[in-house]
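Given next are the chains, with one letter for each unit.
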Amino acid sequence: MRREVRLDRVLDFVSFVAKPMPLSVLLDEAPKRIAAIVQAEIVSLYLLEGDGDALVLRGNVGFPVGARGTVRMSVGEGLTGTAVATRRPVAVVKAPGDQRWRAFPFIDEDRYPVFLAVPILGHDRVLGAIVVQRSGDKPYRPSDVRLLVALTAPIASAIRHAEVLRELRDKKLRRTGGGTRKVTLPGVPSVPGRSLGAVAALRRPATSPHRKATGEDPKLLRGAWSAAEKALSALVARAGKLGLSREAAFLSTYELMIGDLRLRQRASELVAEGHGVAQALGLVAREGVRAANGIVGDPFLQERARDMEDLCDALVMLASPDARAELPTKAVLIGDRLTVFDLVVSARTHPVGVVLSERASDPRTPVLLRLLGLPSITQVEGLFQWASPGDVALLDADHGFLVINPSRAEMATLRAERKKGKALPDASETTEAEVEVDSGEME
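Each value, and the rule that gives it
- Residues numbered from 1 in each chain as written.
- Predicted model: local features only at pLDDT ≥ 70, side-chain atom pairs only at ≥ 80, totals over all residues.
- Heavy atoms only, no water.
- Salt bridge = Lys/Arg side-chain N within 4 Å of Asp/Glu carboxyl O.
- Helix = DSSP H or I, 4+ residues; strand = E, 2+ residues; numbered from the N terminus.
- Expected span 1.5 Å × (residues − 1).
- Buried < 20%, exposed > 50% of the residue type's maximum accessible area, 1.4 Å probe, protein only.
- Pairing = 2+ DSSP bridges.
- Axes fitted to C-alpha atoms, helices over the stretch in contact; angles between N-to-C directions.
- Contact = heavy atoms within 4.5 Å.
- Patch = residues over 30% accessible without salt bridge, like charges linked within 9 Å, V, L, I, M, F, W, Y side chains within 5 Å.
- Areas by Shrake-Rupley, 256 points an atom, 1.4 Å probe, with all protein chains shown as cover.
- Lys, Arg positive; Asp, Glu negative; His and termini not counted.
- Charge placed at Lys NZ, Arg CZ, Asp CG, Glu CD.
- Core = buried A, V, L, I, M, F, W, Y, C linked by side-chain atoms within 4.5 Å.

**Re the pattern of salt bridges**
Line of reasoning, step 1. By the definition in use, this model includes 19 salt bridges.
Line of reasoning, step 2. Within this structure, Asp 28, Arg 68, Arg 194, Asp 396 and Asp 398 form a network of salt bridges that share partners.

Here it is as structure tokens:
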């Protein structure tokens with residue numbers, strides 16, 4: 001590359017990084033510009049997260065989109081972890097053959113063996129690392145190493161995210177509805193996309209009846225049953241279109257239950273006896289639980305009992321909505337778990353995204369999130385400590401962040417992407433006027 005061209009690209013990069021911008025823009029654009037400067041096919045930007053011992057790939061050019069937020073390693077692990085642990089660059093010509101190599105087969109990284117990792121140093125600690133890779137056997141020159149080290153300096157000053165992680169490690173508790181303070185929570189991307197809306201916690205109807213029985217209850221029960229049947233059929237069809245029929249096989253249990261005439265007749269009998277819809281369905285669910293618990297140690301029946309409770313909750317909300325369990329429209333939903341109830345009921349409020357805490361360990365969760373088809377991240381530690389219902393939240397499921405009370409610049413960037421057709425519709429127009437947000441940008 002001609003020296004003048006490289007110098008122009010370096011100056012352009014420095015000018016770019018010096019500007020205030022949302023973290024998502026930095027993570028998207030910095031790797032692209034570095035790739036042009038050092039002639040790399042792969043450029044990855046890792047951030048130090050957790051308690052300061054986890055490196056997470058958050059920005060990248062060259063790998064599949066799914067690599068962001070999912071490629072993770074410990075400090076000292078692999079060539080990248082070694083560079084961070086030693087605070088020194090690590091350059092290797094045949095990286096896959098190095099004993100320190102950490103392989104991630106799903107990104108087919110072995111095709112780019114020429115490897116250089118440089119730590120991003122803050123004033124008192126390491127903030128992450130920049131990794132550049134390319135095919136062939138031509139090593140990075142000493143001048144490339146020195147240049148990449150120099151380019152990490154403006155990146156370090158731009159990573160506002162580092163301050164967020166420090167706050168989380170200090171565990172400074174946030175009061176419920178904690179005003180306009182901006183907080184960025186990292187997670188693992190599940191379904192890509194970006195959206196903006198008010199935070200709302202996933203809910204279930206109350207266990208005790210909230211209304212008395214009426215003459216309309218039999219009709220309401222029939223209508224709810226029909227709506228649930230249609231919703232489940234639509235989910236099964238969607239699973240087939242997405243190639244998830246095997247993974248979504250658990251939906252057959254719900255189909256069997258909703259099609260079980262004995263179950264339907266039992267609910268109808270209880271309603272005819274004077275029980276309200278909610279009370280009747282609650283009794284049906286409890287009978288199922290008792291039957292399952294009667295066979296000690298049968299996990300299949302116990303799981304089916306939980307599914308029956310889930311289905312009965314959905315029928316209650318479809319037949320006789322509990323105002324206490326209603327969700328606002330176009331919200332970013334947060335919770336510890338997602339169930340079929342949410343795909344049948346919560347989805348009717350047209351949410352714009354889903355964020356689940358580190359407690360979301362059910363193997364069904366990834367499938368349910370894909371069926372829902374909204375920007376989603378999981379494994380967000382301290383979710384309920386930092387996010388409160390009503391907070392404005394920007395969900396960046398491309399990189400794996402939930403930003404509570406985002407800056408105006410971040411919201412403006414999302415709207416610009418939406419106009420270009422790169423982002424899903426959001427609820428920003430209805431929430432921004434209701435909640436005052438800070439005007440701070442990346443520092």
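**Structural notes on helix H4 (residues 142-158)**
Line of reasoning, step 1. In a regular helix each residue adds 1.5 Å, so 17 residues correspond to 24 Å; H4 covers 26 Å between its end C-alpha atoms and thus fits that length.
Line of reasoning, step 2. Those residues of H4 not exposed but buried are Asp 144, Val 145, Leu 147, Leu 148, Leu 151, Thr 152, Pro 154, Ile 155, Ala 156 and Ala 158.

**Remarks on the sheet that holds strand S12 (residues 376-380)**
Line of reasoning, step 1. Here we have eight strands laid out as an open sheet, ordered S7-S14-S13-S9-S10-S11-S12-S8, and mixed in their pairing. This sheet does not close on itself; its edge strands, each paired only once, are strand S7 (183-186) and strand S8 (188-191). Between one strand axis and the next, the sheet turns through 30° on average, direction left out of account.
Line of reasoning, step 2. Here five bridges tie strand S9 (residues 194-201) to strand S13 (residues 392-396), and the two strands are oriented antiparallel to one another. Considered in S13, the bridge of Gly 197 is made with Ala 393.
Line of reasoning, step 3. Helix-sheet contacts for helix H12 (residues 365-372) involve S8, strand S11 (353-357) and S12, and the interaxial angle to S11 is about 165°.

**Some details on H12**
Line of reasoning, step 1. Of all the eight residues making up H12, six are buried; the element is thus mostly covered by neighbouring parts of the structure.
Line of reasoning, step 2. Within H12 the residues assigned to the buried category are Thr 365, Val 367, Leu 368, Leu 369, Leu 371 and Leu 372.
Line of reasoning, step 3. Packing partners of the buried residues in H12 comprise S8, helix H6 (217-241), helix H7 (251-258), helix H11 (340-344), S11 and S12.
Line of reasoning, step 4. Directly beyond the C-terminal end of H12, a positive phi value near 75° is found at Gly 373.

**So, a negative patch on the surface**
Line of reasoning, step 1. On the surface, Asp 51, Asp 53, Glu 358 and Glu 381 cluster together into a patch of negative charge.
Line of reasoning, step 2. Of note, Glu 381 is situated in the loop between S12 and helix H13 (383-386).

**Focus: the nonpolar core**
Line of reasoning, step 1. Membership of the largest hydrophobic core comes to 55 residues, with the highest contact counts inside it found for Trp 225, Leu 281, Leu 315, Leu 338, Val 340, Val 344 and Leu 371.
Line of reasoning, step 2. Ranked by the residues each element gives to this core, the list is headed by helix H10 (residues 299-319), at nine residues.
Line of reasoning, step 3. Residues Ala 40, Val 114, Val 118 and Leu 148 belong to the second largest nonpolar core, which totals 34 residues.

**Quick notes on the sheet that holds strand S1 (residues 42-49)**
Line of reasoning, step 1. In space, the six strands of this open sheet follow the order S3-S2-S1-S6-S5-S4, with antiparallel pairing throughout. The two strands at the open ends of the sheet, each matched to only one other strand, are strand S3 (72-74) and strand S4 (90-92). Mean inter-strand twist for the sheet, computed between neighbouring axes without regard to direction, equals 20°.
Line of reasoning, step 2. Relative to strand S6 (residues 126-134), strand S5 (residues 114-121) runs antiparallel, the two being bridged by eight bridges. Counterpart to Ala 117 in the pairing with S6 is Val 131.

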